[in-house]
Amino acid sequence: MEMIIRCENITHYYGNRLIYENLSFEVPQGKILGLLGKNGTGKTTIINILNGYLKPRSGSCSLFGEKMEELTPQTKARVGLLLEGHIQHSYFNVKQIEKFYSRFFPNWKKEAYYELLRKLKVSETQKISTMSCGQRSQVALGLLFAQDPDLMILDDFSMGLDPGYRRLFVEYLKEFASAENKTVFLTSHIIQDMEMLIDDCIIMDYGRLLLHKPTKEILDNFHRFRFTCETTPADTSNGTLWNTGHIGSSWETYSFLPKEEVTQLLTRNGVSISNLEQDSLSLEDAFIGLTGKY
Amino acid sequence: MIKSIFYKEWIKSRWVLLVIAGVFTSVLAYSFMNISNNFRVSGVNEYWELIVQKGISSMGYIKYLPLLSGMLLAIAQFVPEITNKRLKLTLHLPMAESKMILFMLGFGIICLSMLFSVTYLTTAIGMNLYFCKEIACWNLSEIYPWLCGGIASYLLSVWICLEPVWKQRVLMGFPGLCAIALFYFDEMPGAYAPFIGYLIAFVVLSLAFVFHSLVRFKDGEQ
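Note that the coordinates shown come from a computational prediction; the quantities given were computed from them, not determined experimentally. (Residues numbered from 1 in each chain as written. Chains lettered and ligands numbered in written order. Predicted model: local features only at pLDDT ≥ 70, side-chain atom pairs only at ≥ 80, totals over all residues. Heavy atoms only, no water.)

**Q** Let's hear about the interface of chain A and chain B: which residues, and what values?
**A** Between chain A and chain B, the residue contacts involve 27 residues of the former and 30 residues of the latter. Together, the buried faces of chain A and chain B total about 2,800 Å²; carbon and sulfur atoms form 63% of this surface. Ranking the residues of chain A by area buried against chain B places Tyr53(A), Tyr91(A) and Phe104(A) at the top, with a combined share of 27%. Between the two partners, chain A and chain B, sit one salt bridge. Residue Lys76(A) pairs with Glu97(B) through a salt bridge whose shortest N-O separation is 3.0 Å. Taken together, chain A and chain B are joined by 13 residue pairs in polar contact (both at pLDDT 80 or more). (Contact = heavy atoms within 4.5 Å. Buried area = accessible area lost by both parts, 1.4 Å probe. Salt bridge = Lys/Arg side-chain N within 4 Å of Asp/Glu carboxyl O. Polar contact = N/O pair within 3.5 Å; in protein donor to acceptor, adjacent residues only side chain to side chain.)

What follows is the structure in structure tokens.
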């Protein structure tokens with residue numbers, strides 16, 4: 001399977017603050033990969049590195065086999081880019097921006113843009129600067145669909161969108177990617193709606209990659225365990241139990257292990273626990289389980 | 001693609017260009033009305049004598065207009081690009097980045113050149129109507145450093161606009177102003193004749209400064 005995105009040993013600092021050390025990942029063709037993380041974990045930084053707008057301290061990335069700082073116009077035409085906040089050339093109106101972009105892309109699908117815009121109650125002469133964030137997101141998405149890229153890179157696409165626009169965005173994106181074997185790389189700090197969209201999931205923590213797994217594997221195997229314990233349970237920091245915490249004698253922990261193994265770990269050294277319950281998790285709950293609440 | 005880039009630049013800067021054109025027209029009209037008035041009030045002989053003997057400028061009102069035009073056009077074209085880092089969208093378009101910036105600058109330089117050429121021609125025609133050929137040429141020689149200064153101020157303003165770090169922008173402002181001042185030292189017609197070639201060379205060199213800022217933007221300097 002062709003690797004569309006390849007990042008190898010990326011290390012980057014802002015001043016003295018470490019953002020990543022030796023971050024490596026690959027995105028194969030046809031996958032939707034979500035890079036999830038709290039604010040400030042470097043999601044936008046990796047998008048900037050991928051597109052050649054930031055030189056990392058070390059390491060390299062490639063898109064379609066081309067180094068990030070040497071992307072040819074032909075490769076750029078195959079990559080659709082959405083900037084954080086749905087930034088667009090806001091001095092254009094709805095019609096002008098379509099006219100502007102159409103001349104750059106040989107396979108421009110004008111009807112895809114106008115089809116999406118028909119859902120918005122805006123006239124063709126409305127300026128983008130006067131639109132709401134949701135309306136701007138649809139203009140940006142419409143332009144991406146019209147470009148018909150092989151790879152979409154979307155930076156925090158859910159930012160500022162109400163649930164309706166977010167759902168609309170996700171549904172269109174899913175349809176686009178699955179129908180034509182397109183690759184999507186997206187970042188988000190809002191995890192709702194993600195589980196119906198992304199195939200693979202990278203979860204970032206401050207300075208490191210926490211997890212890179214298929215979304216299904218996380219949803220099927222990662223659970224929350226709640227139990228009562230009057231003392232401190234054993235083995236809460238051995239790497240298989242995540243973010244163990246308590247309020248009074250009510251404890252919770254998260255793990256990929258089955259219930260029996262979690263019970264064994266917690267009761268080692270003769271510690272007594274009771275009422276152990278296993279909960280299935282949404283992706284958002286799993287994200288909190290992996291990264292912690294704070 | 002070039003058509004499309006020019007279209008974008010036109011949408012961004014059309015109102016500013018219109019205002020600049022309006023100001024130039026008004027100031028040129030005022031300058032000629034002023035010459036006419038001086039002829040009537042002071043008398044033709046006295047006014048000619050002032051020009052010939054004391055080197056009084058007839059077109060001094062337009063002196064800083066090219067400079068301001070260059071700065072305003074640079075701001076109109078490049079501040080929207082740098083706001084919210086929209087330049088990333090522009091540079092992401094399927095065209096070599098240097099070529100893209102050259103076309104954007106090309107639009108600005110063509111607009112300013114057209115405006116300055118019309119100003120120069122209008123001044124030439126007007127001067128020939130009021131004065132003999134020698135005085136007209138003498139007065140025209142006073143204008144071209146100012147017009148070159150307009151192009152230089154445009155390129156240096158773009159250099160500063162594209163710079164991603166605010167502190168650096170402020171630092172760049174000082175040498176930028178010093179460089180621009182070179183074009184406006186002396187009002188005496190003909191004063192710049194010996195080194196106009198160097199000024200033109202500096203204008204061409206200013207293009208390189210723009211690419212210095214572009215490289216810094218691409219490297220993600222903060």
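**Q** I'd love a proper account of the sheet that holds strand β7 (residues 151–154) of chain A, names of residues and values included.
**A** Residue and element names in this part refer to chain A. Spatial strand order, β6-β7-β8-β3-β9-β10: six strands in an open sheet with mixed pairing. In the strand order of this sheet, the two ends are held by β6 (79–82) and β10 (208–214), each with one partner. Between one strand and the next, the sheet's axes are offset by a mean angle of 15°, whatever the strand orientation. Pairing of strand β3 (residues 32–37) with strand β9 (residues 200–205) involves five bridges; the strand directions are parallel. In the sheet register, Leu35 faces β9, and the bridge partner there is Ile202. On top of the sheet, helix α5 (residues 133–147) reaches β6 and β7; it is set at about 175° to β6, its chief contact. (Pairing = 2+ DSSP bridges. Helix = DSSP H or I, 4+ residues; strand = E, 2+ residues; numbered from the N terminus. Axes fitted to C-alpha atoms, helices over the stretch in contact; angles between N-to-C directions.)

**Q** Which residues make up unusual backbone geometry, and what are the values?
**A** Residues and elements named next belong to chain A. For Asp148, which is not glycine, the phi dihedral falls at a positive 55°. Mapped onto the elements of the fold, Asp148 is located in the loop between α5 and β7. Accessibility expressed as a relative area gives 18% for Asp148, which makes it buried. A positive phi angle is found at Asp156, which is not glycine, with a value near 45°. Of the residues examined, Asp156 reaches a relative accessible area of 5% and is grouped as buried. (Buried < 20%, exposed > 50% of the residue type's maximum accessible area, 1.4 Å probe, protein only.)

**Q** How would you explain the state of the cysteines if you had to name every residue and give the values?
**A** Applying the stated criterion across every chain, the model contains one disulfide over all chains. The disulfide partner of Cys7(A) is Cys61(A), and the S-S distance across this bridge is 2.4 Å. Because the sign of the S-S torsion sets the handedness, a value of about 105° for the bond joining Cys7(A) and Cys61(A) places this disulfide among the right-handed ones. One end of the pair, Cys7(A), is in strand β1 (residues 3–14); the other, Cys61(A), is in strand β4 (residues 58–63), and 54 residues separate them in sequence. Owing to a relative accessible area of 2%, Cys7(A) belongs among the buried residues under this scheme. For Cys61(A), a relative accessible area of 2% gives the class buried. Take Cys111(B): it sits in no disulfide, and the sulfur closest to it among the cysteines is that of Cys161(B), at 16 Å. (Disulfide = S-S within 2.5 Å.)

**Q** Let's hear about the packing of aromatic side chains: which residues, and what values?
**A** Tallied over the full model, the rule gives 29 aromatic pairs over all chains. Centre to centre, the rings of Phe100(A) and Tyr101(A) are 5.1 Å apart; their planes meet at 65°, and the pair counts as edge-to-face. The class for Tyr101(A) is buried, based on a relative accessible area of 7%. With 6.5 Å between their ring centres and 55° between their planes, Tyr130(B) and Phe131(B) make a pair best called tilted. For Tyr130(B), a relative accessible area of 25% puts it in the partly exposed group. What makes Phe131(B) buried here is its relative accessible area of 5%. What links up through ring pairs into an aromatic cluster is the set Tyr91(A), Phe92(A), Phe100(A), Tyr101(A), Phe104(A), Phe105(A), Trp108(A) and Tyr7(B). (Phe/Tyr/Trp six-rings, centres within 6.5 Å; stacked < 30°, edge-to-face > 60°.)

**Q** So what's going on with the side chain of Asp205(A)? Which residues, and what values?
**A** Residues and elements named next belong to chain A. Position of Asp205 among the secondary structure elements: in strand β9. Asp205 gets classed as buried once you look at its relative accessible area, which sits at 15%. Excluding residues that lie within four positions of it along the chain, Asp205 makes contacts with Thr41 and Leu210.

**Q** How would you explain the environment of Ile200(B) if you had to name every residue and give the values?
**A** Mapped onto the fold, Ile200(B) is located in helix α8 (residues 196–218). For Ile200(B) and Ile151(B), which are 49 residues apart along the polypeptide, the C-alpha to C-alpha distance reads 9.6 Å.

**Q** Tell me about the sheet that holds strand β13 (residues 250–255) of chain A, and please be specific about residues and values.
**A** Residue and element names in this part refer to chain A. Strands sit in the order β12-β13-β11-β14 across an open sheet of four strands; the sheet is antiparallel. On the outer flanks of this sheet lie β12 (241–247) and β14 (274–280), each paired with one strand and no other. Each neighbouring strand pair of the sheet contributes to a mean axis angle of 20°, computed without reference to strand direction. Along the sheet, helix α8 (residues 259–267) contacts β11 (223–228), β12, β13 and β14; its crossing angle with β14, the most-contacted strand, is approximately 140°. Where helix α9 (residues 283–291) meets the sheet, it contacts β12 and β13, and its direction lies at approximately 90° from that of β12.

**Q** Tell me about a nonpolar patch on the surface, and name the residues and values.
**A** Residue and element names in this part refer to chain B. On the surface, Tyr30, Met33 and Tyr61 cluster together into a nonpolar patch covering about 350 Å² of accessible area. As for its placement among the helices and strands, Met33 is situated in helix α1 (residues 2–42). A residue is classified by how much of its surface remains accessible, and Met33, at 56% relative accessible area, is exposed. (Patch = residues over 30% accessible without salt bridge, like charges linked within 9 Å, V, L, I, M, F, W, Y side chains within 5 Å. Areas by Shrake-Rupley, 256 points an atom, 1.4 Å probe, with all protein chains shown as cover.)

**Q** So what about the environment of Leu147(B)? Which residues, and what values?
**A** Residue and element names in this part refer to chain B. In this fold, Leu147 is placed in helix α6 (residues 133–162). Between the C-alpha atom of Leu147 and that of Gly70, which follows or precedes it by 77 residues, the distance is 9.6 Å. Discounting chain neighbours no more than four positions away, the residues touching Leu147 are Pro66, Phe116 and Tyr120.

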